[in-house]
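Fold and contact review
Okay, here's what each chain looks like letter by letter:
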Amino acid sequence: MISRRMLCLAAAAAAALAPVAFAQQKMVLKASDVHALGYPTVEAMVRMGKKLEAQTNGRISIQMYPAMQLGGEKEMIEQAQVGALQIARISVGALGPVVDEVNVFNLPFVFRDEAHMRKVIDGPIGRELLEKAAKDPKSALIPLGWMDSGTRNVYAKKALKTPAELKGQKIRMMGNPVFVETMNAMGGNGVAMGFNELYSAMQTGVVDGAENNPPTYLTQNHYQITKFYNLTGHLIIPEIFVFSKRSWEQLSKDDQALIMKLSREAQAEQRQLWDAMVKESTEKLKAAGVQFVEVDKKAFYEATRPVREKYGAKYAALIKRIEDTK
Ligand code: BDP
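Residues numbered from 1 in each chain as written. Predicted model: local features only at pLDDT ≥ 70, side-chain atom pairs only at ≥ 80, totals over all residues. Heavy atoms only, no water.

**Some words on the pairing of strand 6 (residues 170–173)**
The sheet contact formed by strand 6 and strand 7 (residues 189–192) spans 4 bridges and is parallel. Bridging from a neighbouring strand, Ile171 pairs with Gly190 of strand 7. At this point the chain moves from strand 6, through helix 8 (residues 177–185), to the parallel strand 7, and the crossover so formed is right-handed. (Pairing = 2+ DSSP bridges. Helix = DSSP H or I, 4+ residues; strand = E, 2+ residues; numbered from the N terminus. Right-handed = clockwise from strand over helix to strand, strands pointing away.)

**Some details on the sheet that holds strand 1 (residues 27–32)**
Spatially, the 5 strands line up as an open sheet ordered 2-1-3-10-4, and their pairing is mixed. The strands lining the two open edges of the sheet, one partner per strand, are strand 2 (60–65) and strand 4 (141–147). Averaged over all neighbouring strand pairs, the angle between strand axes comes to 25°, with direction disregarded. Sitting on the sheet, helix 12 (residues 253–287) touches strand 1, strand 2, strand 4 and strand 10 (239–244), and the angle it makes with strand 4 is about 25°. (Axes fitted to C-alpha atoms, helices over the stretch in contact; angles between N-to-C directions. Contact = heavy atoms within 4.5 Å.)

**Some words on helix 15 (residues 316–324)**
Of the residues making up helix 15, those classed as buried are Leu318, Ile319 and Ile322. An end-on view of helix 15 places all buried positions within 100° of arc, on one side of the element. Contacts from the buried residues of helix 15 go to helix 5 (114–122), helix 6 (124–135) and helix 14 (305–312). (Buried < 20%, exposed > 50% of the residue type's maximum accessible area, 1.4 Å probe, protein only. Arc of directions from axis to C-beta.)

**A look at the sheet that holds strand 9 (residues 228–235)**
Spatial strand order, 8-5-9-11: 4 strands in an open sheet with mixed pairing. This sheet does not close on itself; its edge strands, each paired only once, are strand 8 (210–212) and strand 11 (291–293). Averaged over all pairs of adjacent strands, the angle between their axes in this sheet comes to 35°, without regard to strand direction. Here 3 bridges tie strand 5 (residues 152–156) to strand 8, and the two strands are oriented antiparallel to one another. By the bridge assignment for strand 8, Val154 is matched with Glu211.

The structure is reproduced here in structure tokens:
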């Protein structure tokens, strides 16, 4: 479905991309991320831009638009689809409604732990899903690689150790039906909302809390409103960074290959930055008085079984392969 807004974006994109057709002319790739400068995903992309510029003698560079300057992730995906944005670094959670194949990673407790998730994205399943997403005619995006995003835990103004204690809590989830149903199954009330609307929704009490990894909880200042970080670990969702297919098709094969190579390096680099950031954020959160609450994880795992069964049925073979990845 093409909306008016998308047509406007397409017109802007056509103008923005005009120089791309002339191989020798300078090309500035617009990249976007909801996080601020310095956050591991943003930093890895900024570094990739510097390398790209150096390795093309200044011909191609990346201009980063961080901190939700271009809106939330839904907006970023739309902009990349029409070519108004070249690189969007988004959560697989936000991509799921567009590229169904990747939704398997959005199931609650589909990974045993972060090490398991890394094995899967680094191995054949990770590669296959990137290829499938590239071929999906609906996506209009070329995935460049995965990034780490740790484990998501529920934060609120009180300790929430069991599904019963979550009752009545309105918890913001990313805009994807699987997450709303996951939260409902966990005992709370899932509220789908863009990341760009979340802070004020928490401040005004539209929601009681949200769920995310420690670096996001810290850097978005959500810990100042909700001091209980309940270690539910219900989702371990990788990030993904994608290139606009429209823009991609205007690049030479050599430039495409260079961007792919640098993307693999960015993926590896982000992981180093990520591990350091998780450690640092956890320390800062504890120092700021946040309570890290151990919960009845098994109860949440059991409670979300129907969601895995409902949404996971069509990926049964793939889920088996994920489980068998040791
Ligand atoms: C963060 C992801 C970001 C998502 C955000 C969210 O890095 O891509 O937009 O969660 O909850 O962990 O929307």
